[in-house]
Amino acid sequence: MKAVVCIKQTPSTTAVFAVDNGVARWDDPGGKPVVLNPWDEYAVEEAIRLKENHGAAEAVAISMGDDSSAEQLKTCLAMGCGEAILVADAAFAGSDSLGTARVLAAAIRKIDDAQIAVFGKQAIDGDTGQTPVQVAVKLGWTPLTFVSAIKEVTGSTITVERLIDEGKETVTAPLPVVISVVKEINEPRYPSFMGIRKANRATIPVWAAADLGVNGGVGAAASQADWSHIYPLPERNTVVQLIEADTPEEQARVLVNKLFEEKVI
Amino acid sequence: MSGVWVFIEHQDGQLKAISKEVLGAGRAVSDGLGAPLTALVFGQNVVGVAASAFAHGADAVLGCDDASLARFRVEAVGPLLAGLARARAPQALLLGGSTNGRDLAAWTAAELDAGLVSDGIALAVAGDRVKVTRPVYAGKLLSTVYVKSSPQIITLRSRAFPAAAAGGKTGAAEWVAPARSEADIPTKIVGLEAKKAGVSLTDANIIVSGGRGVGGPEGFAPVRELAEVLGGALGASRAAVDAGWIPYDHQVGQTGKTVSPNLYIACGISGAIQHQAGMRTAKMIVAINKDADAPIFKLAQYGIVGDLFKILPALSAEFRQRLGK
């Protein structure tokens, strides 16, 4: 049994955005414009733990993206994944989540003995969180979303705890499964020095559409959503009214009066 | 074409708040498209939920009442919904952006090869399309998106739409058989630990949040007290969560929860861009911070520059008196 972790390159959380001729652009004051999607760090860690603690033969990282996504795959190798594969083809550009799901499902199918696919709960760019379930449907596997703990993996089943709106749900399902993980599940490790050296020497194989037998249903032309209209947020047209008084009690009284007047209490 | 469908979530026989919002948004879309509004009511012993869906504005109810649906499992509900949609071809399907609603929307879109737009905060009908305004890049930009095919599947963010009010409308639901028998549903629920009492962040009208400025786990005491006095939820910035002062499920921001309360009181929170992404849609923001240059004051309508350990207790006392608590 192998664990596959699907990761994505995203803008960093500190990125500052602007719109240029309808296209989103960003700069990062921290000088690191793209990163491994923060939610995916937990997925990578969990895939490695499946290998360390639950008998997975390997943790394989895959990413659908352009050539630059090899950098994030190297992070996965440095953390402890044994293999990394870049899934890239000009035909994939502009795919919607369903197109992405078709490509990732084909890539997972190509990995021998893959039984558990791990995702972060969403990516911080599109923020849709749709892909894990859609990949599961395309694979015919069971989706287990918002997983906060893997309780047990036997030869044929998995038991997990899910963090849903109603509370903590414990479910058992037969393998194979697609899981999406939330932040509570673990504390991602830092890449080790040896891991970084190994990752830097690694050559990352590239799987293209032809390698995956993906034929249509992907790319911008197949996208069923029109994403062309993107724009900055309206400014919050507020000028802060600072409440000044001699004592905290007086400040509190003035603020409370204002909030009652504004009818927000 | 069979109009606009809305997926109803319920608990203990009552419509969840998000479903009243979806019914309200669905009514407007139905009227815009000139098509009937059908509520989907799936579960066990849900005759009363169906009646409630009519009372909240549905023109029709399509229901399934079966033990296999007693608790939501996407592998039970997904094939049921997808099968119905395949046979009856709705123009649009609206769901709440809850954990269950998101899973079901993704499943249905994948099974039908249909388009899906998630996390809508505003809807407008143009011709036969529903244009959806949604945040992207963690709320740092907005986009207006529509699905080019049918059905147009859309999930809605919690608290972004006014809830449908209950009226006197009644009707007869149509009941259908489940798509899968229990034996064909691979996932088995073996336990549920209900959420601890307290107001959830995404449902809260009022949120009081603490950040690095509270200084430690004990520093959350006055923040928590004010939240309790106001009947609100307790929030936190990532800095406070990462420091281990408060559990992660209180985190507001880009890698936490996105909230839209009527009132957000930020205490000792500088207002980093990642935090803003999670709370800038609050109707009113109040900032309490000792640093007058903190970016949070650029978002706030009201602010107090000062020591939160003096101001928060004074605020709690004042509110307690005004609210008669």
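For the structure, check the block above.
Attention here is on the structure that accompanies the text. (Residues numbered from 1 in each chain as written. Chains lettered and ligands numbered in written order. Predicted model: local features only at pLDDT ≥ 70, side-chain atom pairs only at ≥ 80, totals over all residues. Heavy atoms only, no water.)

**Some remarks on helix H1 (residues 38–53) of chain A**
All names here are of chain A.
Next, step 1: Taking 1.5 Å of rise per residue, the 16 residues of H1 would be expected to cover 22 Å, and the 23 Å separating its terminal C-alpha atoms lies within 8% of that figure.
Next, step 2: When we look at burial in H1, the residues that qualify are Pro38, Trp39, Asp40, Tyr42, Ala43, Val44, Glu45, Glu46, Ala47, Ile48 and Leu50.
Next, step 3: Two residues or fewer past H1, glycine 55 is found with a positive phi of approximately 75 degrees. (Helix = DSSP H or I, 4+ residues; strand = E, 2+ residues; numbered from the N terminus. Expected span 1.5 Å × (residues − 1). Buried < 20%, exposed > 50% of the residue type's maximum accessible area, 1.4 Å probe, protein only.)

**Observations concerning the sheet that holds strand S14 (residues 206–210) of chain B**
Next, step 1: Strand order in the open sheet made by the 6 strands is S15(A)-S18(B)-S17(B)-S16(B)-S14(B)-S15(B), with parallel pairing throughout. Two strands close off the open sheet at either side, each with one partner strand: strand S15 (241–242) of chain A together with strand S15 (233–236) of chain B.
Next, step 2: By the bridge criterion, 4 bridges tie strand S17 (residues 284–289) of chain B to strand S18 (residues 302–305) of chain B in an arrangement that is parallel. Bridge pairing links alanine 287 of chain B to glycine 303 of chain B in S18 of chain B.
Next, step 3: Across the sheet, helix H5 (residues 220–229) of chain B is in contact with S14, S15 and strand S16 (263–267) of chain B; its angle to S15 of chain B comes to roughly 145 degrees. (Pairing = 2+ DSSP bridges. Contact = heavy atoms within 4.5 Å. Axes fitted to C-alpha atoms, helices over the stretch in contact; angles between N-to-C directions.)

**Notes on the environment of valine 137 of chain A**
Next, step 1: Along the chain, valine 137 of chain A falls in helix H4 (residues 131–139).
Next, step 2: Separated by 36 residues in sequence, valine 137 of chain A and alanine 101 of chain A have C-alpha atoms that sit 8.8 Å apart.
Next, step 3: Leave out the neighbours within four places in its chain, and valine 137 of chain A touches Trp107, Ala110 and Glu111 of chain B.

**A look at the pattern of salt bridges**
Next, step 1: Under the criterion given, the structure shown has 28 salt bridges over all chains.
Next, step 2: With its nearest N and O atoms 2.6 Å apart, the salt bridge here joins lysine 138 of chain A to aspartate 113 of chain B. One end of the pair, lysine 138 of chain A, is in helix H4; the other, aspartate 113 of chain B, is in the loop between helix H4 (99–112) and strand S7 (116–120), on a second chain.
Next, step 3: Judged by relative accessible area, lysine 138 of chain A falls into the partly exposed class, the value being 22%.
Next, step 4: A relative accessible area of 35% places aspartate 113 of chain B in the partly exposed class.
Next, step 5: We note a salt bridge from glutamate 161 of chain A to lysine 151 of chain A, for which the minimum N-O separation is 3.2 Å. Linking glutamate 161 of chain A in strand S10 (residues 157–164) with lysine 151 of chain A in strand S9 (residues 142–153), this pair joins segments that are 10 residues apart in sequence.
Next, step 6: Of the residues examined, glutamate 161 of chain A reaches a relative accessible area of 13% and is grouped as buried. (Salt bridge = Lys/Arg side-chain N within 4 Å of Asp/Glu carboxyl O.)

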